[in-house]
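Structural features, examined
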Amino acid sequence: MYNGCNRWQVITRLHLVLSATIVWIFCLFIVGTGLTASAAEMPEIQQRGYLTVAVKDNLRPLGFRDASGNLQGLEIDLAQRLAVDLVGTEAVKFKPVANSDRLSVVLDKKVDFAIARVTATESRSRIVSFSVPYYLDSTVLVTKDPSVQKLSDFAKQKIAVLNNSSTIAQVRYYVPNAKLVGVNSYDEARSQIETNAAFAFAADASVLSGWVQQYPQYRLLPIKLSTEPLSVVMPKGLQYDELRRNVNQAIARYLASGWLQQRSQYWGLP
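Heads up: these notes are all about the structure in this document.

How each quantity is defined
Residues numbered from 1 in each chain as written. Predicted model: local features only at pLDDT ≥ 70, side-chain atom pairs only at ≥ 80, totals over all residues. Heavy atoms only, no water. Pairing = 2+ DSSP bridges. Helix = DSSP H or I, 4+ residues; strand = E, 2+ residues; numbered from the N terminus. Contact = heavy atoms within 4.5 Å. Axes fitted to C-alpha atoms, helices over the stretch in contact; angles between N-to-C directions. Salt bridge = Lys/Arg side-chain N within 4 Å of Asp/Glu carboxyl O. Buried < 20%, exposed > 50% of the residue type's maximum accessible area, 1.4 Å probe, protein only. Arc of directions from axis to C-beta.

**Some points on the sheet that holds strand 13 (residues 219-220)**
Spatial strand order, 11-10-12-9-13: five strands in an open sheet with mixed pairing. A strand with exactly one partner marks an edge of an open sheet, and here the two such strands are strand 11 (179-183) and strand 13. Sheet topology note: the strand 9 (residues 139-143)/strand 12 (residues 200-204) ladder contains five bridges and is antiparallel. The partner of Leu-141 across the bridge, within strand 12, is Ala-202. Those strands touched by helix 5 (residues 167-174) are strand 9, strand 10 (158-162), strand 11 and strand 12, and its axis lies near 155° from that of strand 10. This element, helix 6 (residues 186-194), spans strand 9, strand 10, strand 11 and strand 12 of the sheet and lies at about 160° to strand 12.

**Looking at the sheet that holds strand 2 (residues 58-59)**
Strand order in the open sheet made by the three strands is 2-3-4, with antiparallel pairing throughout. In the strand order of this sheet, the two ends are held by strand 2 and strand 4 (71-72), each with one partner. As judged from the two bridges shared by strand 3 (residues 63-65) and strand 4, these two strands associate in the antiparallel manner. Residue pairing in the sheet places Phe-64 in a bridge with Gln-72 of strand 4.

**Observations concerning the pattern of salt bridges**
On inspection of all chains with the given rule, the structure shows nine salt bridges. Residue Asp-85 pairs with Arg-253 through a salt bridge whose shortest N-O separation is 3.2 Å. Highlighted residues: Asp-85 in helix 3 (residues 74-87) and Arg-253 in helix 8 (residues 241-257), separated in sequence by 168 residues. On the basis of relative accessible area, Asp-85 is assigned to the partly exposed category, the value being 37%. In this structure Arg-253 comes out as partly exposed when scored by relative accessible area, which is 28%. The partner of Arg-244 in a salt bridge is Asp-241, and the shortest N-O contact between them spans 3.1 Å. One end of the pair, Arg-244, and the other, Asp-241, are both in helix 8, three residues apart, so they sit about a helical turn from each other. Asp-241 gets classed as buried once you look at its relative accessible area, which sits at 15%. Connected through shared salt-bridge partners, Arg-117, Asp-137 and Asp-204 make up one network.

**Let's talk about helix 9 (residues 259-266)**
All of the buried residues in helix 9 are Trp-259, Leu-260 and Ser-264. All buried residues of helix 9 project into a common sector of 135° when viewed along the axis, lining one side. For helix 9, exposure combined with an orientation more than 90 degrees from the buried face picks out Gln-261, Gln-265 and Tyr-266. In this fold, the buried residues of helix 9 make contact with helix 3, strand 8 (135-137) and helix 8. At the C-terminal side of helix 9, Gly-268 shows a positive phi close to 80°.

Spatial relationships are all this shows, so hold off on functional conclusions.
Quick look at the structure:
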């Protein structure tokens with residue numbers, strides 16, 4: 001229980017810091033002030049005429065391929081909208097990446113930035129820069145049982161969780177009497193539920209929302225166990241100052257206008 005509380009306090013502090021950052025960016029945009037550009041990285045991108053962006057191509061509804069093989073999803077929409085604001089066209093060269101490569105492609109300068117379901121954390125912020133959040137992800141529960149309405153309904157039930165994930169501490173904190181069943185993948189979690197080896201599965205809403213779209217017999221509970229900001233990953237360094245500022249100001253506009261909320265709802269994100 002102590003570990004769960006401590007982890008929750010860290011997550012809460014991070015959320016407060018990022019929330020304050022959103023307010024700062026909003027104020028920056030509204031009053032029309034900003035820092036002086038200190039490098040040519042942004043002009044070079046504009047001269048090139050397109051963005052290179054690392055994305056996911058197998059993660060419905062953030063980034064995935066349709067029946068024709070075309071990339072689509074909330075993060076694909078965001079990349080194309082940023083391209084319009086940053087270079088004046090929707091031209092984007094997408095680079096699908098595995099989870100393990102989402103930060104390294106930015107560090108190795110293989111892309112301009114990554115929009116690949118990356119949670120902004122204190123440890124990651126030491127090596128890369130994060131934009132203001134474009135979506136606040138959360139840990140939620142999915143089940144096939146239509147009678148479940150509240151967290152207390154999960155008491156003494158078996159809940160599947162991904163091994164070594166932060167979800168374990170969150171479930172232990174909010175449902176201390178539940179029995180946790182470790183799994184190595186989302187497919188294994190579904191198998192556990194289908195065979196009644198688990199009553200529910202706890203994981204990220206951004207992923208589980210795509211799962212219930214594919215398997216409508218499941219449903220997400222409207223209860224959030226955490227708040228985890230998804231942000232654009234950008235390189236550190238003064239030479240990328242203008243790029244970071246332009247991305248932040250653009251996302252601030254999308255939040256203020258309601259465009260990001262509309263696209264999130266369109267893709268079925270809670």
